[in-house]
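What follows is each chain in one-letter form.
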Number of protein chains: 2
Amino acid sequence: MKPPGDESPVCRFPLTEHPHISMAHGGGGRLMHQLVHDMFAPLFENPDSESHHDGALLNITGAQLAFTTDSYVVDPLFFPGGDIGTLAVYGTVNDLAMCGAKPLYLCASFILEEGFPTESLWRIALSMRQAAFRSGVRIVTGDTKVVDHGRGHGVFITTAGVGAVNHNLRIGPGSIRAGDVVILSGDVGRHGIAVMAQREGLSFETTIESDCAPLSAAVMQLIEAGIEIHCLRDLTRGGMATALVEIAESSDLHIGIDESKVPVCEDVRGACELLGLDPMYVANEGRFVVIIPVSDADRTAAILGTCFPGLGSTIVGEVTDREAGVVTMRSIIGIERMVDMHSGEQLPRIC
Amino acid sequence: MKPPGDESPVCRFPLTEHPHISMAHGGGGRLMHQLVHDMFAPLFENPDSESHHDGALLNITGAQLAFTTDSYVVDPLFFPGGDIGTLAVYGTVNDLAMCGAKPLYLCASFILEEGFPTESLWRIALSMRQAAFRSGVRIVTGDTKVVDHGRGHGVFITTAGVGAVNHNLRIGPGSIRAGDVVILSGDVGRHGIAVMAQREGLSFETTIESDCAPLSAAVMQLIEAGIEIHCLRDLTRGGMATALVEIAESSDLHIGIDESKVPVCEDVRGACELLGLDPMYVANEGRFVVIIPVSDADRTAAILGTCFPGLGSTIVGEVTDREAGVVTMRSIIGIERMVDMHSGEQLPRIC
């Protein structure tokens, strides 16, 4: 970061064109990327901490650490398979895991709306305890604020996490190479559909549960097995499609996906067809892709298959140098199409 | 933390008596302490990280670190002397300083309300950059969420911070001893009055500016000078009175304050008299107390006087074993009264 001094940094974000924040600025698509990259990044980013997608790597008196944060504003607070507390722990644990770090400590900050039921808060706190235990992390400090009724929405939770980096891999889009393969840890689309169904009062034949889960143990197993991990990315806001577009754009390589290989469970597929959604863009909270040399593919798929039994971990695509910054998907009937980031709001809006 | 397993932790917080969150649960007084200690602490606290008032000390592969978080919900967002961005940086920097840590890295998470002016966001981001530079910290990672109009309030910011601990002092209420002296870094009450005046449209003869400022450089100077710091505490929500009551209660000692020694500037005193407020309970964002052996008193006061010229750093009281867990204040006319934590809402409500 340059010293601010007397200089007046120029705002690259087009304030006149976008004078007000819209829902799309939080949706995980192009507009959110613009806000982050044109408004915040030039002011805050610092070149000597290796920049990660959703976290930073720090070096403090010899210890190599990862540091990340996320706010959780999911509506409804409780949904099949989890609640805002589960997400607030697993989400940050997973961001650390995606930096290749072993998650160790979390802090949690609550913004409570006046009138919020204390019994619901207790349930959420219990979920956080359970999720922290399952992830092997400790929630060591926190904060509580209360805002006037109507100025919040039940409860918002922000967690930040610190993890330890115990390897020499350089994990990030910059490390992927033509010839690498993309392995997906399980089926996609459950979390977004579970939250939307709960919020909109939709019911399907069976209840679709969120996939929210900690990914750190699986990542640690890959690292311990000596897999040459080039890139890791969890498939949250914007789903698998957005995650892959981000990676392709950052790496200036092409990623080709075989749609027939991407597992989508029948219930999610049915719900998506009914609602006109593409499961590739639906948010997940317990799925990730790992990009590795083809020589490590079988071992990686085997480890993920053991960590996530029955979820269909599999090779879904490959990296090529055919075209810079582009993701394509070959459909089940063999037609190849370009995959883009959605421009604004996530559909369904689940956070 | 004990494994959650099948056990059902008992909620010590009286859910029936307090079925809903009230503003008082965020006010810094008794009710907030009850929420934190009876609901969150039994679920999250972990005995092997030394617990601090507003942060945790961690040991990661040999590095001794401090870790802290705070959410900022101040209304109005802009006030004389600062804005929510200034607070979000200095507040977390100061929490690290109060752990005796050198603040290094911050993360920042924004919860934006749909419709919020992007120009205001830019101003806030610029303030954060400036405050980070002045504090010598780097903002290295972050998150952005947008909530529906009416479900937030402009912008809420949560920051978390990591700092390095490079000394062997045990800083905390457990280290204070009868005979220690209490030194206050400057005059009290400016921040709370500045924010309230701005919000309520009150005007006084002169504009009262918030005292918000980074405290880390002063704390580092005390440590480098070899001052035997027993306890540090910034005087935020609940003001100086609440901070001292917390310390007295945690240490089972008595703290006696001489009211005539506590600097309050004329404008703040006038505003407090007009509004029926006690400046001892009004929030500050750039003031702290340090408790030290009497032998270090003169050097400490001299260092603080250099760091905060003209603010009136001075000895305001002493620690005795006269009565356990009690704070008393001798008034200007010589009458001694007991000082208690306020029970609920802070007055004025400034965060």
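Look up: the structure comes first, before these words.
All of the points below concern the structure found in this document. All values derive from a computational prediction rather than experimental measurement.

Rules used throughout
- Per chain, the residues get numbers from 1 upward, laid out in the order the sequence is written.
- Chain labels run from A onward and ligand labels from 1 onward, assigned in the order the entries are written.
- Only residues with pLDDT of at least 70 are given local features in this predicted model, and only at 80 or more are side-chain atom pairs given and counted; all residues enter the totals for whole chains, interfaces and linings.
- Heavy atoms from the whole structure form the basis of all side-chain values; hydrogens and water molecules are not counted.
- Salt-bridge detection follows one rule: a side-chain nitrogen of Lys or Arg within 4 Å of a carboxyl oxygen of Asp or Glu.
- Partly exposed describes any residue whose relative accessible area lies between the buried limit of under 20% and the exposed limit of over 50%, with all areas from a 1.4 Å probe on protein chains only and scaled to the type maximum.
- Here the copies are superposed with least squares, the fitted atoms being C-alpha atoms of residues at a pLDDT of at least 70 in both.
- Residues are treated as being in contact if the distance between any of their heavy atoms lies within 4.5 Å.
- We define buried area as the total accessible area lost by two parts upon association, computed with a 1.4 Å probe and summed across both.
- Contacts described as polar in this section are N or O atom pairs within 3.5 Å, which, within protein, must combine one atom able to donate a hydrogen with one able to accept it, while residues neighboring in sequence count only if both atoms come from side chains.
- Under the DSSP-based scheme used, a helix requires at least four consecutive residues in state H or I and a strand at least two consecutive residues in state E, with every element numbered from the N terminus.
- Classification of ring pairs rests on two measures: the distance between centres of Phe, Tyr or Trp rings, Trp counted by its six-membered ring, which must be within 6.5 Å, and the angle between planes, read as stacked under 30 degrees, edge-to-face over 60 and tilted in between.
- Here, a charge over a ring is recorded when the distance from Lys NZ or Arg CZ to the ring centre is within 6 Å and its angle to the ring normal is within 35 degrees.
- When DSSP finds two or more bridges between a pair of strands, those strands are recorded as paired.
- Under this scheme, a helix contributes an axis fitted over its contacting stretch, all axes are lines through C-alpha atoms, and angles between N-to-C directions fall in the 0 to 180 degree range.
- The term nonpolar core refers to a set of buried residues drawn from Ala, Val, Leu, Ile, Met, Phe, Trp, Tyr and Cys, joined through side-chain atoms within 4.5 Å.

Residue and element names in this part refer to chain B. Using the criterion set out here, one finds 36 salt bridges over all chains in the structure. Note that Arg-330 is salt-bridged to Glu-336, the shortest N-O span being 3.9 Å. Given a relative accessible area of 40%, Arg-330 falls into the partly exposed group. In this structure Glu-336 comes out as partly exposed when scored by relative accessible area, which is 34%.

Turning chain B through 180° and shifting it by 0.0 Å along the axis lays it on chain A, with an RMSD of 0.0 Å. The superposition of one copy onto the other is thereby described by a two-fold rotation axis. Nearest to the rotation axis, the C-alpha of Gly-152 of chain B is located 2.2 Å from it, this being the minimum over chain B.

What follows covers the interface of chain B and chain A. The extent of an interface is frequently quoted as the accessible surface area lost upon association of the parts. Counting from both sides, the interface comprises 98 residues of chain B and, opposite them, 98 residues of chain A. Summed over both partners, the interface of chain B with chain A comes to about 8300 Å²; 68% of that surface belongs to carbon and sulfur atoms. Of all residues in chain B, Ile-21, Trp-122 and Arg-129 of chain B bury the most surface against chain A, accounting for 10% of the area lost on that side. At the boundary of chain B and chain A, one finds 6 salt bridges. With a shortest N-O distance of 2.9 Å, Arg-237 of chain B and Asp-143 of chain A are connected by a salt bridge. Run the count over chain B and chain A and you get 27 residue pairs in polar contact (both at pLDDT 80 or more).

Residue and element names in this part refer to chain A. As for its position among the elements, Gly-239 is in helix H6 (residues 239-251). Considered as a pair, Gly-239 and Tyr-281 are 42 residues apart in the sequence and their alpha carbons are 4.2 Å apart. Those residues within four positions of Gly-239 in sequence are excluded, and the remaining contacts are Met-280, Tyr-281, Val-282, Ala-283 and Asn-284.

This next bit is on the packing of aromatic side chains. Tallied over the entire structure, the rule returns 8 aromatic pairs over all chains. Seen in terms of ring centroids, Phe-40 of chain B and Phe-44 of chain B are 6.1 Å apart; in terms of plane orientation they differ by 10°. Their pairing is stacked. Of this pair, Phe-40 of chain B and Phe-44 of chain B both sit in helix H1 (residues 30-44), 4 residues apart, which is roughly one turn of that helix. Residue class for Phe-40 of chain B comes out buried when judged on its relative accessible area of 5%. An angle of 70° between the planes, with centres 6.4 Å apart, marks the rings of Phe-288 of chain B and Phe-308 of chain B as edge-to-face. Separated by 20 residues along the polypeptide, Phe-288 of chain B in strand E11 (residues 288-292) and Phe-308 of chain B in the loop between helix H8 (297-307) and strand E12 (314-320) bring together distant segments of the chain. For the pair shown, Phe-288 of chain B and Phe-308 of chain B are each scored as buried. Over the ring of Phe-78 of chain A we find Arg-123 of chain A; its NZ or CZ atom is 3.8 Å from the centre of that ring.

We now examine the sheet that holds strand E2 (residues 63-72) of chain A. An order of E1-E2-E7-E5-E6 (chain A) is seen for the 5 strands of this open sheet, with the pairing classed as mixed. In the strand order of this sheet, the two ends are held by strand E1 (56-60) and strand E6 (138-147) of chain A, each with one partner. Going across the sheet, the axis of each strand differs from the next one's by a mean of 20°, ignoring polarity. Two elements, E1 of chain A and E2 of chain A, share 5 bridges in a ladder whose sense is antiparallel. The partner of Leu-57 of chain A across the bridge, within E2 of chain A, is Ala-66 of chain A. Running over the sheet, H1 of chain B touches strand E5 (102-113) and E6 of chain A and is turned about 150° from E6 of chain A.

Another aspect to go through is the sheet that holds strand E12 (residues 314-320) of chain A. Residue and element names in this part refer to chain A. Spatially, E9-E11-E8-E12-E10-E13-E14 is the arrangement adopted by the 7 strands of the open sheet, whose pairing is mixed. With partners counted over all chains shown, the strands left at the sheet margins are strand E9 (231-234) and strand E14 (336-339), one partner each. In this sheet, adjacent strand axes meet at a mean angle of 25° when their direction is disregarded. Relative to E14, strand E13 (residues 326-330) runs antiparallel, the two being bridged by 4 bridges. Each bridged residue has a counterpart across the sheet, and for Arg-330 the counterpart in E14 is Glu-336.

Moving on, we get to the nonpolar core. Grouped together as the largest cluster of nonpolar side chains are 39 residues, with contacts concentrated most on Val-89, Phe-110, Leu-121, Met-128 and Val-155 of chain B. Of all elements in the fold, only helix H1 (30-44) of chain A together with strand E3 (78-79), helix H2 (84-98), strand E5 (102-113), helix H3 (118-135), strand E6 (138-147) and strand E7 (155-164) of chain B reach the threshold of two or more residues within this core. Among all residues touching Val-89 of chain B, those that are not within four sequence positions of it are Leu-106, Met-128, Ala-131, Ala-132, Ser-135, Val-137 and Ile-139 of chain B. Counting 38 residues, the second-largest nonpolar core is a separate cluster that includes Ala-108, Phe-116, Ile-124 and Ala-131 of chain A.

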